[in-house]
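Spelled out, the chains give:
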Amino acid sequence: MSAQREKDQKPSAGFLNSVLAVARKDLAAELRSPELLLAMLVFALLAIFIFNFALDLEPALRSRVTSGVLWTTFAFSGTLGLNRSMAVEKENGCLDGLLLAPVDRAAIYFGKAISNLLFLLLLEVVVIPVYSLLYGINLFNPGLLLVVLLGSVGYIAVGTLLSGMAVQARTRDVLLPILQFPIILPMLIASIKASDGFLTGVGLEDAVPWIILLIIYDVIFLAIALMVFDYVVEE
Amino acid sequence: MESKPISLMILDIVSILLLAVSTYLALVFAPLEAAMGAVQRVFYFHVATAWVGMLGFIAAGITGIVYLATKDLKWDIIEVAAVEISLVFFLITIVLGSIWARPVWNTWWTWDPRLTTAAIIELYYLAYFMLRQGIEEPGRRANFGAVYALLGAPTIPLTFMAIRLFRTIHPVVVGSESAEAQGGFNMTADMRTAFFFALFAFTVIFIDLLWNRIRLGNLQQKLEQLKLNILE
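Residues numbered from 1 in each chain as written. Chains lettered and ligands numbered in written order. Predicted model: local features only at pLDDT ≥ 70, side-chain atom pairs only at ≥ 80, totals over all residues. Heavy atoms only, no water.

### A few points about the overall build of chain B
In step 1: When helices and strands are tallied, chain B shows six helices and zero strands.
In step 2: Listing the helices and strands of chain B from first to last along the sequence gives α-α-α-α-α-α.
In step 3: Dimensions of chain B, computed from the C-alpha atoms along their principal axes, are close to 70 × 40 × 25 Å.
In step 4: Going through the 232 residues of chain B one by one, you find that 48% of them count as buried.
In step 5: Look at the contacts in chain B between residues 6 or more apart in sequence, and 75% of them connect residues 24 or more apart.
In step 6: As presented, chain B carries roughly 11600 Å² of accessible surface, and 70% of it is formed by carbon and sulfur atoms.
In step 7: Of the side-chain charges in chain B, 16 are positive and 17 negative, and the distance between the mean point of each set is 1 Å. (Helix = DSSP H or I, 4+ residues; strand = E, 2+ residues; numbered from the N terminus. Buried < 20%, exposed > 50% of the residue type's maximum accessible area, 1.4 Å probe, protein only. Contact = heavy atoms within 4.5 Å. Areas by Shrake-Rupley, 256 points an atom, 1.4 Å probe, with all protein chains shown as cover. Lys, Arg positive; Asp, Glu negative; His and termini not counted. Charge placed at Lys NZ, Arg CZ, Asp CG, Glu CD.)

This is the structure in C-alpha coordinates:
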(Lines give C-alpha, C1' and ligand atoms only; values in the text may rest on other atoms or scores of the structure.)
Protein backbone atom coordinates (compact mmCIF):
# COMPACT_ATOMS: atom_id res chain seq x y z
CA MET A 1 0.00 0.00 0.00
CA SER A 2 2.86 2.33 0.80
CA ALA A 3 4.54 1.27 -2.42
CA GLN A 4 1.48 2.41 -4.30
CA ARG A 5 1.65 5.83 -2.71
CA GLU A 6 5.32 6.13 -3.47
CA LYS A 7 4.75 5.08 -7.05
CA ASP A 8 2.33 7.97 -7.48
CA GLN A 9 4.86 10.44 -6.17
CA LYS A 10 7.70 9.34 -8.39
CA PRO A 11 7.75 9.57 -12.17
CA SER A 12 9.20 6.59 -14.03
CA ALA A 13 12.46 8.36 -14.91
CA GLY A 14 13.00 8.61 -11.17
CA PHE A 15 12.61 4.85 -10.88
CA LEU A 16 15.66 4.14 -12.99
CA ASN A 17 17.61 6.80 -11.13
CA SER A 18 16.80 5.27 -7.76
CA VAL A 19 17.71 1.77 -9.00
CA LEU A 20 21.07 3.09 -10.16
CA ALA A 21 21.55 5.06 -6.95
CA VAL A 22 21.11 1.96 -4.80
CA ALA A 23 23.47 -0.04 -7.01
CA ARG A 24 26.00 2.80 -7.10
CA LYS A 25 25.96 3.04 -3.30
CA ASP A 26 26.91 -0.65 -3.01
CA LEU A 27 29.61 -0.39 -5.64
CA ALA A 28 31.12 2.73 -4.05
CA ALA A 29 31.22 1.04 -0.65
CA GLU A 30 32.79 -2.04 -2.18
CA LEU A 31 35.34 0.05 -4.09
CA ARG A 32 36.44 1.74 -0.90
CA SER A 33 37.06 -1.48 1.01
CA PRO A 34 36.55 -4.55 -1.19
CA GLU A 35 35.92 -6.99 1.64
CA LEU A 36 32.88 -8.71 0.14
CA LEU A 37 34.36 -9.32 -3.28
CA LEU A 38 37.68 -10.36 -1.80
CA ALA A 39 36.02 -12.88 0.53
CA MET A 40 34.06 -14.37 -2.38
CA LEU A 41 37.19 -14.60 -4.55
CA VAL A 42 39.40 -16.24 -1.95
CA PHE A 43 36.63 -18.66 -1.08
CA ALA A 44 36.10 -19.57 -4.75
CA LEU A 45 39.82 -20.18 -5.33
CA LEU A 46 40.01 -22.35 -2.21
CA ALA A 47 36.99 -24.30 -3.41
CA ILE A 48 38.67 -24.97 -6.76
CA PHE A 49 41.78 -26.24 -4.98
CA ILE A 50 39.70 -28.48 -2.74
CA PHE A 51 37.86 -29.88 -5.75
CA ASN A 52 41.20 -30.66 -7.34
CA PHE A 53 42.12 -33.02 -4.53
CA ALA A 54 38.61 -34.22 -3.71
CA LEU A 55 37.91 -35.29 -7.28
CA ASP A 56 41.48 -36.06 -8.29
CA LEU A 57 41.09 -33.97 -11.42
CA GLU A 58 43.24 -35.83 -13.90
CA PRO A 59 43.05 -34.72 -17.55
CA ALA A 60 40.64 -37.42 -18.67
CA LEU A 61 38.12 -36.64 -15.95
CA ARG A 62 38.45 -32.85 -16.05
CA SER A 63 36.42 -32.11 -19.13
CA ARG A 64 33.44 -34.06 -17.79
CA VAL A 65 33.32 -32.44 -14.35
CA THR A 66 34.42 -28.90 -15.23
CA SER A 67 30.91 -27.42 -15.44
CA GLY A 68 29.89 -29.11 -12.19
CA VAL A 69 32.95 -27.80 -10.35
CA LEU A 70 32.46 -24.30 -11.73
CA TRP A 71 28.78 -24.03 -10.85
CA THR A 72 29.21 -25.50 -7.39
CA THR A 73 31.95 -22.94 -6.77
CA PHE A 74 29.77 -20.09 -8.03
CA ALA A 75 26.78 -21.22 -5.98
CA PHE A 76 28.70 -21.54 -2.73
CA SER A 77 30.75 -18.36 -3.00
CA GLY A 78 27.62 -16.56 -4.22
CA THR A 79 25.78 -17.13 -0.94
CA LEU A 80 28.78 -15.66 0.87
CA GLY A 81 28.41 -12.42 -1.08
CA LEU A 82 24.62 -12.29 -0.82
CA ASN A 83 24.72 -12.79 2.93
CA ARG A 84 27.29 -10.05 3.37
CA SER A 85 25.58 -7.60 1.07
CA MET A 86 22.31 -7.75 3.06
CA ALA A 87 23.95 -8.04 6.49
CA VAL A 88 25.77 -4.74 5.92
CA GLU A 89 22.44 -3.03 5.24
CA LYS A 90 20.93 -4.49 8.38
CA GLU A 91 23.87 -3.85 10.73
CA ASN A 92 24.17 -0.15 10.17
CA GLY A 93 20.46 0.52 9.92
CA CYS A 94 20.98 1.20 6.20
CA LEU A 95 17.97 -0.85 5.23
CA ASP A 96 15.67 1.28 7.38
CA GLY A 97 17.14 4.36 5.76
CA LEU A 98 16.56 2.92 2.31
CA LEU A 99 12.99 1.99 3.18
CA LEU A 100 12.29 5.50 4.50
CA ALA A 101 13.48 7.02 1.25
CA PRO A 102 10.58 8.02 -1.01
CA VAL A 103 11.36 5.45 -3.69
CA ASP A 104 9.52 2.41 -4.95
CA ARG A 105 10.47 -0.76 -3.05
CA ALA A 106 10.97 -2.46 -6.40
CA ALA A 107 13.74 0.05 -7.11
CA ILE A 108 15.52 -1.03 -3.93
CA TYR A 109 15.20 -4.67 -4.98
CA PHE A 110 16.54 -3.99 -8.47
CA GLY A 111 19.36 -1.85 -7.12
CA LYS A 112 20.49 -4.56 -4.72
CA ALA A 113 20.06 -7.22 -7.39
CA ILE A 114 22.18 -5.28 -9.88
CA SER A 115 25.04 -4.75 -7.43
CA ASN A 116 24.85 -8.40 -6.34
CA LEU A 117 24.85 -9.52 -9.98
CA LEU A 118 27.88 -7.35 -10.72
CA PHE A 119 29.78 -8.86 -7.79
CA LEU A 120 28.94 -12.38 -8.91
CA LEU A 121 29.90 -11.64 -12.53
CA LEU A 122 33.19 -10.08 -11.39
CA LEU A 123 33.89 -13.23 -9.42
CA GLU A 124 33.13 -15.37 -12.47
CA VAL A 125 35.28 -13.18 -14.70
CA VAL A 126 38.24 -13.95 -12.42
CA VAL A 127 37.47 -17.60 -11.67
CA ILE A 128 36.92 -18.73 -15.27
CA PRO A 129 40.36 -17.63 -16.58
CA VAL A 130 42.09 -18.91 -13.45
CA TYR A 131 40.39 -22.26 -13.89
CA SER A 132 41.39 -22.32 -17.56
CA LEU A 133 44.96 -21.56 -16.60
CA LEU A 134 45.19 -24.10 -13.78
CA TYR A 135 43.61 -26.98 -15.65
CA GLY A 136 44.52 -26.16 -19.22
CA ILE A 137 40.94 -26.14 -20.44
CA ASN A 138 39.81 -23.40 -22.77
CA LEU A 139 36.68 -21.90 -21.22
CA PHE A 140 36.43 -18.87 -23.53
CA ASN A 141 33.38 -20.10 -25.32
CA PRO A 142 30.63 -17.54 -26.14
CA GLY A 143 27.96 -20.20 -25.43
CA LEU A 144 29.41 -20.90 -22.00
CA LEU A 145 29.57 -17.18 -21.20
CA LEU A 146 25.90 -16.83 -22.17
CA VAL A 147 24.98 -19.70 -19.84
CA VAL A 148 27.02 -18.13 -17.04
CA LEU A 149 25.18 -14.84 -17.53
CA LEU A 150 21.70 -16.42 -17.63
CA GLY A 151 22.41 -18.65 -14.65
CA SER A 152 23.79 -15.77 -12.61
CA VAL A 153 20.70 -13.63 -13.29
CA GLY A 154 18.41 -16.39 -11.97
CA TYR A 155 20.69 -17.05 -9.03
CA ILE A 156 20.72 -13.40 -8.01
CA ALA A 157 16.99 -12.86 -8.63
CA VAL A 158 16.19 -15.54 -6.04
CA GLY A 159 19.18 -14.86 -3.79
CA THR A 160 18.55 -11.13 -3.34
CA LEU A 161 14.96 -11.80 -2.26
CA LEU A 162 15.89 -14.63 0.09
CA SER A 163 18.83 -12.78 1.63
CA GLY A 164 16.34 -10.05 2.54
CA MET A 165 14.40 -12.65 4.52
CA ALA A 166 17.36 -14.54 5.96
CA VAL A 167 18.96 -11.42 7.37
CA GLN A 168 15.89 -10.74 9.49
CA ALA A 169 15.87 -14.21 11.07
CA ARG A 170 17.69 -15.28 14.20
CA THR A 171 19.82 -17.83 12.38
CA ARG A 172 20.67 -15.39 9.59
CA ASP A 173 24.07 -16.58 8.33
CA VAL A 174 23.31 -20.26 8.13
CA LEU A 175 19.80 -19.77 6.82
CA LEU A 176 20.44 -18.32 3.37
CA PRO A 177 22.02 -21.36 1.67
CA ILE A 178 19.36 -23.62 3.19
CA LEU A 179 16.60 -21.40 1.83
CA GLN A 180 18.26 -20.80 -1.49
CA PHE A 181 19.55 -24.18 -2.66
CA PRO A 182 16.19 -25.96 -2.98
CA ILE A 183 14.89 -23.02 -5.02
CA ILE A 184 17.90 -22.64 -7.33
CA LEU A 185 18.21 -26.36 -8.01
CA PRO A 186 16.48 -26.29 -11.43
CA MET A 187 18.67 -23.33 -12.43
CA LEU A 188 21.82 -25.18 -11.32
CA ILE A 189 20.87 -28.36 -13.19
CA ALA A 190 20.11 -26.40 -16.35
CA SER A 191 23.31 -24.35 -16.09
CA ILE A 192 25.51 -27.38 -15.50
CA LYS A 193 23.95 -29.30 -18.37
CA ALA A 194 24.05 -26.35 -20.77
CA SER A 195 27.69 -25.62 -19.88
CA ASP A 196 28.45 -29.30 -20.41
CA GLY A 197 26.91 -29.10 -23.87
CA PHE A 198 29.24 -26.26 -24.87
CA LEU A 199 32.36 -27.57 -23.15
CA THR A 200 32.25 -31.10 -24.50
CA GLY A 201 31.59 -29.64 -27.93
CA VAL A 202 28.46 -31.71 -28.48
CA GLY A 203 27.06 -28.36 -29.43
CA LEU A 204 23.88 -26.45 -29.62
CA GLU A 205 21.17 -29.10 -30.03
CA ASP A 206 21.92 -30.44 -26.55
CA ALA A 207 22.22 -27.08 -24.85
CA VAL A 208 19.15 -25.37 -26.33
CA PRO A 209 16.45 -26.93 -24.10
CA TRP A 210 18.53 -26.11 -21.04
CA ILE A 211 19.02 -22.51 -22.15
CA ILE A 212 15.26 -22.19 -22.68
CA LEU A 213 14.71 -23.58 -19.19
CA LEU A 214 17.17 -21.00 -17.82
CA ILE A 215 15.37 -18.14 -19.55
CA ILE A 216 12.00 -19.34 -18.22
CA TYR A 217 13.50 -19.61 -14.74
CA ASP A 218 14.95 -16.09 -14.88
CA VAL A 219 11.69 -14.53 -16.05
CA ILE A 220 9.49 -16.35 -13.51
CA PHE A 221 11.66 -15.61 -10.51
CA LEU A 222 12.40 -11.99 -11.41
CA ALA A 223 8.64 -11.45 -11.71
CA ILE A 224 7.82 -13.18 -8.41
CA ALA A 225 10.64 -11.44 -6.53
CA LEU A 226 9.46 -8.09 -7.82
CA MET A 227 5.90 -8.79 -6.67
CA VAL A 228 6.73 -10.04 -3.18
CA PHE A 229 9.79 -7.98 -2.21
CA ASP A 230 7.44 -5.47 -0.59
CA TYR A 231 6.28 -8.11 1.91
CA VAL A 232 9.85 -9.06 2.78
CA VAL A 233 10.99 -5.60 3.83
CA GLU A 234 7.77 -4.18 5.27
CA GLU A 235 7.70 -3.43 8.99
CA MET B 1 -11.52 -23.77 26.40
CA GLU B 2 -13.82 -24.79 23.62
CA SER B 3 -14.38 -28.49 23.09
CA LYS B 4 -13.85 -30.26 19.80
CA PRO B 5 -16.74 -29.65 17.37
CA ILE B 6 -19.00 -32.68 16.91
CA SER B 7 -18.64 -32.64 13.11
CA LEU B 8 -14.87 -32.89 13.46
CA MET B 9 -15.22 -35.86 15.81
CA ILE B 10 -17.49 -37.59 13.31
CA LEU B 11 -14.93 -36.93 10.57
CA ASP B 12 -12.18 -38.38 12.79
CA ILE B 13 -14.14 -41.62 13.16
CA VAL B 14 -15.02 -41.74 9.44
CA SER B 15 -11.32 -41.29 8.61
CA ILE B 16 -10.27 -44.16 10.82
CA LEU B 17 -12.96 -46.42 9.31
CA LEU B 18 -11.95 -45.45 5.79
CA LEU B 19 -8.30 -46.18 6.57
CA ALA B 20 -9.28 -49.60 7.93
CA VAL B 21 -11.38 -50.46 4.87
CA SER B 22 -8.67 -49.16 2.55
CA THR B 23 -6.08 -51.30 4.32
CA TYR B 24 -8.30 -54.34 3.89
CA LEU B 25 -8.82 -53.59 0.20
CA ALA B 26 -5.11 -53.11 -0.41
CA LEU B 27 -3.81 -56.07 1.59
CA VAL B 28 -6.56 -58.69 1.18
CA PHE B 29 -9.16 -57.78 -1.43
CA ALA B 30 -6.88 -56.73 -4.28
CA PRO B 31 -5.48 -59.72 -6.22
CA LEU B 32 -1.82 -60.65 -6.00
CA GLU B 33 0.18 -59.10 -8.83
CA ALA B 34 1.72 -61.87 -10.92
CA ALA B 35 5.26 -60.60 -11.52
CA MET B 36 6.04 -58.63 -8.37
CA GLY B 37 4.05 -60.52 -5.75
CA ALA B 38 3.03 -59.13 -2.39
CA VAL B 39 5.32 -56.09 -2.49
CA GLN B 40 3.13 -54.59 -5.19
CA ARG B 41 0.48 -53.94 -2.49
CA VAL B 42 2.62 -51.02 -1.31
CA PHE B 43 1.48 -49.27 -4.47
CA TYR B 44 -2.02 -48.38 -3.18
CA PHE B 45 -0.82 -46.42 -0.19
CA HIS B 46 2.26 -45.15 -2.00
CA VAL B 47 0.19 -43.33 -4.60
CA ALA B 48 -2.46 -42.26 -2.08
CA THR B 49 0.07 -40.66 0.29
CA ALA B 50 1.81 -38.97 -2.64
CA TRP B 51 -1.59 -37.60 -3.66
CA VAL B 52 -2.11 -36.15 -0.16
CA GLY B 53 1.39 -34.66 -0.24
CA MET B 54 0.55 -33.04 -3.57
CA LEU B 55 -2.77 -31.69 -2.19
CA GLY B 56 -0.94 -30.17 0.77
CA PHE B 57 1.71 -28.65 -1.50
CA ILE B 58 -0.89 -27.01 -3.74
CA ALA B 59 -2.97 -25.87 -0.73
CA ALA B 60 0.12 -24.24 0.82
CA GLY B 61 0.93 -22.32 -2.37
CA ILE B 62 -2.65 -21.06 -2.76
CA THR B 63 -3.09 -20.07 0.90
CA GLY B 64 0.28 -18.29 0.71
CA ILE B 65 -1.04 -16.10 -2.09
CA VAL B 66 -4.37 -15.54 -0.30
CA TYR B 67 -2.53 -14.57 2.88
CA LEU B 68 -0.37 -12.01 1.09
CA ALA B 69 -3.50 -10.55 -0.52
CA THR B 70 -5.69 -10.45 2.62
CA LYS B 71 -3.11 -10.30 5.46
CA ASP B 72 -5.50 -12.41 7.53
CA LEU B 73 -3.51 -14.67 9.89
CA LYS B 74 -6.06 -17.48 9.56
CA TRP B 75 -4.68 -18.22 6.10
CA ASP B 76 -1.21 -18.48 7.59
CA ILE B 77 -2.49 -21.12 10.00
CA ILE B 78 -3.98 -23.11 7.11
CA GLU B 79 -0.71 -22.79 5.16
CA VAL B 80 1.38 -24.19 8.03
CA ALA B 81 -1.12 -27.01 8.52
CA ALA B 82 -0.94 -27.92 4.82
CA VAL B 83 2.87 -27.85 4.74
CA GLU B 84 3.16 -30.00 7.86
CA ILE B 85 0.79 -32.66 6.54
CA SER B 86 2.46 -32.61 3.15
CA LEU B 87 5.89 -33.01 4.76
CA VAL B 88 4.80 -36.13 6.66
CA PHE B 89 2.94 -37.73 3.76
CA PHE B 90 5.73 -37.21 1.23
CA LEU B 91 8.06 -38.85 3.73
CA ILE B 92 5.70 -41.84 3.94
CA THR B 93 5.56 -41.93 0.13
CA ILE B 94 9.35 -42.01 -0.13
CA VAL B 95 9.70 -44.75 2.50
CA LEU B 96 6.97 -46.90 0.93
CA GLY B 97 8.51 -46.34 -2.50
CA SER B 98 11.91 -47.46 -1.24
CA ILE B 99 10.42 -50.64 0.21
CA TRP B 100 8.87 -51.38 -3.18
CA ALA B 101 11.96 -50.41 -5.15
CA ARG B 102 14.34 -52.72 -3.27
CA PRO B 103 13.03 -55.97 -4.82
CA VAL B 104 11.66 -54.49 -8.07
CA TRP B 105 14.44 -52.10 -9.12
CA ASN B 106 17.04 -53.87 -6.99
CA THR B 107 17.96 -50.64 -5.22
CA TRP B 108 16.59 -48.54 -2.35
CA TRP B 109 17.08 -45.31 -4.20
CA THR B 110 17.61 -44.06 -7.73
CA TRP B 111 18.04 -40.50 -9.03
CA ASP B 112 14.82 -40.57 -10.97
CA PRO B 113 12.79 -37.33 -11.47
CA ARG B 114 9.94 -38.32 -9.17
CA LEU B 115 12.11 -39.61 -6.37
CA THR B 116 14.49 -36.69 -6.55
CA THR B 117 11.68 -34.14 -6.74
CA ALA B 118 9.94 -35.70 -3.72
CA ALA B 119 13.20 -35.55 -1.77
CA ILE B 120 13.75 -31.92 -2.80
CA ILE B 121 10.22 -31.06 -1.62
CA GLU B 122 11.10 -32.54 1.77
CA LEU B 123 14.26 -30.43 1.98
CA TYR B 124 12.34 -27.36 0.83
CA TYR B 125 9.75 -27.92 3.58
CA LEU B 126 12.48 -28.30 6.19
CA ALA B 127 13.93 -24.98 5.00
CA TYR B 128 10.42 -23.50 5.28
CA PHE B 129 10.18 -24.49 8.93
CA MET B 130 13.72 -23.31 9.70
CA LEU B 131 12.82 -19.93 8.25
CA ARG B 132 9.69 -19.68 10.39
CA GLN B 133 11.55 -20.87 13.46
CA GLY B 134 13.97 -17.96 13.27
CA ILE B 135 11.35 -15.22 13.30
CA GLU B 136 9.53 -14.12 16.44
CA GLU B 137 7.07 -11.57 15.19
CA PRO B 138 3.88 -13.33 13.93
CA GLY B 139 3.10 -10.91 11.09
CA ARG B 140 6.58 -11.09 9.63
CA ARG B 141 6.75 -14.85 10.15
CA ALA B 142 3.52 -15.22 8.20
CA ASN B 143 4.80 -12.92 5.45
CA PHE B 144 8.03 -14.84 5.01
CA GLY B 145 6.27 -18.19 5.16
CA ALA B 146 3.85 -17.12 2.45
CA VAL B 147 6.64 -15.75 0.23
CA TYR B 148 8.64 -18.95 0.58
CA ALA B 149 5.59 -21.12 -0.05
CA LEU B 150 4.93 -19.05 -3.17
CA LEU B 151 8.52 -19.52 -4.42
CA GLY B 152 8.09 -23.29 -4.18
CA ALA B 153 5.15 -23.31 -6.57
CA PRO B 154 7.21 -22.77 -9.76
CA THR B 155 10.38 -24.37 -8.37
CA ILE B 156 9.05 -27.87 -7.91
CA PRO B 157 7.59 -28.32 -11.43
CA LEU B 158 10.76 -26.77 -12.92
CA THR B 159 12.92 -29.15 -10.90
CA PHE B 160 10.83 -32.05 -12.10
CA MET B 161 11.13 -30.90 -15.73
CA ALA B 162 14.88 -30.41 -15.38
CA ILE B 163 15.44 -33.90 -13.98
CA ARG B 164 12.98 -35.40 -16.45
CA LEU B 165 15.24 -34.34 -19.31
CA PHE B 166 17.37 -37.23 -18.05
CA ARG B 167 16.01 -40.71 -18.55
CA THR B 168 13.48 -42.12 -16.08
CA ILE B 169 12.78 -45.64 -14.89
CA HIS B 170 9.80 -44.82 -12.69
CA PRO B 171 6.72 -46.66 -14.00
CA VAL B 172 3.62 -44.70 -15.00
CA VAL B 173 0.74 -46.94 -13.97
CA VAL B 174 -2.00 -44.38 -14.50
CA GLY B 175 -1.70 -42.88 -17.98
CA SER B 176 0.87 -43.59 -20.65
CA GLU B 177 3.86 -45.82 -20.06
CA SER B 178 7.38 -44.95 -21.15
CA ALA B 179 9.48 -47.66 -22.78
CA GLU B 180 12.33 -47.61 -20.23
CA ALA B 181 10.11 -47.89 -17.14
CA GLN B 182 10.65 -50.97 -15.00
CA GLY B 183 8.05 -52.45 -12.68
CA GLY B 184 4.95 -51.23 -14.47
CA PHE B 185 1.79 -53.34 -14.60
CA ASN B 186 -1.81 -53.20 -15.71
CA MET B 187 -4.46 -52.89 -13.03
CA THR B 188 -7.32 -55.39 -12.90
CA ALA B 189 -10.82 -54.23 -11.91
CA ASP B 190 -10.33 -55.24 -8.26
CA MET B 191 -6.97 -53.50 -8.11
CA ARG B 192 -8.62 -50.40 -9.51
CA THR B 193 -11.27 -50.55 -6.77
CA ALA B 194 -8.60 -50.76 -4.08
CA PHE B 195 -6.60 -48.00 -5.75
CA PHE B 196 -9.40 -45.48 -6.12
CA PHE B 197 -10.75 -46.28 -2.67
CA ALA B 198 -7.30 -45.58 -1.21
CA LEU B 199 -7.20 -42.22 -3.04
CA PHE B 200 -10.66 -41.37 -1.67
CA ALA B 201 -9.86 -42.52 1.87
CA PHE B 202 -6.62 -40.54 2.02
CA THR B 203 -8.32 -37.42 0.68
CA VAL B 204 -10.79 -37.62 3.58
CA ILE B 205 -7.90 -38.26 5.98
CA PHE B 206 -6.14 -35.21 4.57
CA ILE B 207 -9.19 -33.03 5.21
CA ASP B 208 -9.55 -34.44 8.71
CA LEU B 209 -5.89 -33.85 9.59
CA LEU B 210 -5.97 -30.39 8.07
CA TRP B 211 -9.04 -29.49 10.10
CA ASN B 212 -7.48 -30.79 13.32
CA ARG B 213 -4.22 -28.96 12.62
CA ILE B 214 -6.02 -25.70 11.86
CA ARG B 215 -7.92 -26.03 15.13
CA LEU B 216 -4.60 -26.61 16.92
CA GLY B 217 -3.13 -23.55 15.19
CA ASN B 218 -6.04 -21.40 16.32
CA LEU B 219 -5.65 -22.61 19.89
CA GLN B 220 -1.92 -21.89 19.78
CA GLN B 221 -2.64 -18.38 18.60
CA LYS B 222 -5.17 -17.90 21.39
CA LEU B 223 -2.65 -19.18 23.92
CA GLU B 224 -0.01 -16.72 22.73
CA GLN B 225 -2.56 -13.95 23.05
CA LEU B 226 -3.46 -14.99 26.60
CA LYS B 227 0.19 -15.09 27.59
CA LEU B 228 0.65 -11.57 26.26
CA ASN B 229 -2.40 -10.41 28.24
CA ILE B 230 -0.92 -11.76 31.47
CA LEU B 231 2.38 -10.01 30.85
CA GLU B 232 0.69 -6.66 30.39
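### Some details on helix 4 (residues 59–91) of chain A
All names here are of chain A.
In step 1: Compared with an ideal rise of 1.5 Å per residue, which puts 33 residues at 48 Å, helix 4 spans 46 Å between its outermost C-alpha atoms and is within 8% of the ideal.
In step 2: The axis of helix 4 is deflected most strongly, by about 60°, at V65.
In step 3: Directly beyond the C-terminal end of helix 4, a positive phi value near 70° is found at G93. (Expected span 1.5 Å × (residues − 1). Bend = angle between axes of the 7 residues up to and from the residue.)

### Considering the nonpolar core
In step 1: Ranked by internal contacts, the top residues of the largest apolar core, which has 127 residues, are L161, L162 and I183 of chain A together with Y44 and Y148 of chain B.
In step 2: If you tally residues by element for this core, the top one is helix 9 (residues 204–233) of chain A, at 13 residues.
In step 3: Beyond its immediate sequence surroundings of up to four residues, L161 of chain A is in contact with Y109, A225, V228, F229 and V232 of chain A together with V147 and L151 of chain B. (Core = buried A, V, L, I, M, F, W, Y, C linked by side-chain atoms within 4.5 Å.)

### Concerning unusual backbone geometry
In step 1: Non-glycine residue K71 of chain B carries a positive phi angle of around 60°.
In step 2: Position of K71 of chain B among the secondary structure elements: in the loop between helix 2 (42–70) and helix 3 (73–104).

### Things to note about the side chain of Q40 of chain B
Residue and element names in this part refer to chain B.
In step 1: Its place among the elements puts Q40 in the loop between helix 1 (6–29) and helix 2.
In step 2: Taking relative accessible area as the criterion, Q40 reaches 0% and is therefore assigned buried.
In step 3: Apart from the residues within four sequence positions on either side, Q40 is in contact with P31, E33, W100, F185 and M191.

### Structural notes on the confidence of the model for chain A
In step 1: Per-residue pLDDT for chain A has a mean of 86; in total, 92% of the residues score no lower than 70.
In step 2: For chain A, the element scoring lowest by mean pLDDT is helix 1 (residues 2–9) of chain A, at 48; helix 7 (residues 142–166) of chain A scores highest, at 93. (pLDDT = per-residue confidence, 0-100.)

### Overview of the interface of chain B and chain A
In step 1: Taken together, the contacts link 28 residues of chain B with 27 residues of chain A.
In step 2: For the pairing of chain B and chain A, the buried interface totals around 2700 Å² over both sides, and the portion due to carbon and sulfur atoms is 78%.
In step 3: Our count for the chain B to chain A interface comes out at one salt bridge.
In step 4: Put simply, R170 of chain A and E136 of chain B hold a salt bridge, and the shortest N to O gap is 3.0 Å.
In step 5: Counting residues per element, the ones that place at least two in the side of chain B that touches chain A are helix 4 (113–133) and helix 5 (138–164) of chain B. (Buried area = accessible area lost by both parts, 1.4 Å probe. Salt bridge = Lys/Arg side-chain N within 4 Å of Asp/Glu carboxyl O.)

### Looking at the pattern of salt bridges
Residues and elements named next belong to chain A.
In step 1: Here the structure, examined in full by the defined rule, presents 13 salt bridges over all chains.
In step 2: Among the salt bridges present, the one from K112 reaches E89, with a minimum N-O distance of 2.8 Å. Highlighted residues: K112 in helix 6 (residues 105–135) and E89 in helix 4, separated in sequence by 23 residues.
In step 3: Through salt bridges with shared partners, one network takes in K25, D26, E89 and K112.

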